[in-house]
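Chain by chain, the residues run as shown.
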Amino acid sequence: MLSYAAIIPHPPFVIEGLKQDQREALSETIKAMKSVGEDVMSLHVETLVLITTHGERYEGALGVALHDPYVASLHAFGDLRGNVEYKPDLRLADRIKRAVRHSDYHATMTTNEMLDHASSVPLVFLKEYVAGMKVVVLTAPVDDARNIVGLGEVVRTAVDEVDERVAVLCVAELSQRLSEVSPGGIHPQATMFDESIRTALADGNSMPILKTTAEELEDVSGEELEAIRLFWCVPDDTEHRIEERAYE
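Remember, it's a predicted structure, so these values are computed and weren't measured experimentally.

## Some words on the nonpolar core
Thought 1: Grouped together as the largest cluster of nonpolar side chains are 77 residues, with contacts concentrated most on Leu48, Leu62 and Ile96.
Thought 2: Considering every element that reaches this core, the biggest residue donor is helix H5 (residues 145–160), with 8 residues.

Pasting the structure below:
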């Protein structure tokens, strides 16, 4: 059953000890991410479902990553302190696969041991809060926006079928072109894009989530909106409250 849901970022340099430590600049993000860890721990969550656009993405098919154990590593960012391992929730992964198979959508299983950096960052950063919890990693498909949102509804039905307390964490960021020092440089529509998605989340208005085209997402480097689309309907039929804890 669904106990908690959140959208969290994946900046590797919030983790203490990395060479390009940006912890001072990202203090509010760090505080907010820790509060998510405190929430899931206090709710006695048993399984974390991570939704991402990284790793292996498939045309028209949800990616369900499964390996025993999952290995979260930030070695590529200079973290030499060793990997963090998590057990998979095989039962929930099977429920998700079956639910998708009996719907109008498709799913593909992957067996990569090493998680991508977007999944690894929160699992490494929050390890003191989520140690012992099982994990399932889902990758949003390359597909039409409405199909991705519909697939999120199917994921929610699978979560409802298990007795474990489940937290769904959408690991996604917004535009990567907000600053002149961004890899792609600044884009004039980037700030407007971010504001429209933040407002949509606060108001429960799906239109900005759905209407942004693939070309527009590419322009502002906002492709991780696809993960938010998959996440959109996960808490939909549960009474819930949206709270923005940080935006940096």
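## Topic: the pattern of salt bridges
Thought 1: Across all of its chains, the model carries 12 salt bridges by this definition.
Thought 2: One salt bridge connects Asp89 with Lys134, and the closest N-O pair in it is separated by 4.0 Å. Taken together, the residues Asp89 in the loop between strand E5 (84–86) and helix H2 (90–101) and Lys134 in strand E7 (residues 134–139) connect sequence positions 45 residues apart.
Thought 3: Note that Lys97 is salt-bridged to Asp94, the shortest N-O span being 3.9 Å. Of the two residues, Lys97 and Asp94 are both situated in helix H2; the distance of 3 residues between them amounts to about one turn of the helix.
Thought 4: Judged by relative accessible area, Asp94 falls into the partly exposed class, the value being 28%.

## Here's the deal with the sheet that holds strand E2 (residues 47–52)
Thought 1: What the 6 strands build is an open sheet, ordered E1-E8-E2-E7-E3-E6; its pairing is mixed. Strands at the two margins of the open sheet, each flanked by one partner only, are strand E1 (2–8) and strand E6 (107–110). Shown here is a sheet whose adjacent strand axes are inclined to one another by a mean of 20°, direction ignored.
Thought 2: One ladder, built from 3 bridges, connects strand E3 (residues 62–65) with E7; its direction is antiparallel. Its bridge partner being in E7, Ala65 is matched across the sheet by Val137.
Thought 3: Contacting E1, E2, E3 and strand E8 (166–171), helix H9 (residues 225–232) crosses the sheet at an angle of about 155° to E8.

Reading guide: rules and limits
Residue numbers restart at each chain and count upward from 1, following the sequence in its written direction. The model is predicted, so local features are restricted to residues of pLDDT at least 70 and side-chain atom pairs to those at 80 or more, both for listing and for counting; the totals for chains, interfaces and linings are taken over all residues. The side-chain quantities take in all heavy atoms of the structure and omit both hydrogens and water. Take the buried residues of types Ala, Val, Leu, Ile, Met, Phe, Trp, Tyr and Cys, join any two whose side-chain atoms come within 4.5 Å, and each joined set is a nonpolar core. Buried means the residue's accessible area, taken with a 1.4 Å probe over protein chains only, is under 20% of the maximum for its type, while exposed means over 50%, and partly exposed covers the values in between. Only DSSP runs of H or I with at least four residues qualify as helices, and only runs of E with at least two residues qualify as strands; both kinds are numbered from the N terminus onward. A side-chain nitrogen of Lys or Arg and a carboxyl oxygen of Asp or Glu constitute a salt bridge if their distance falls within 4 Å. Two strands qualify as a pair provided DSSP detects at least 2 bridges between them. Axis lines are fitted through C-alpha atoms, for helices just across the contact stretch, and the angle between N-to-C directions can take any value from 0 to 180 degrees. Note on contacts: a residue pair is in contact if any heavy atoms of the two residues lie within 4.5 Å.

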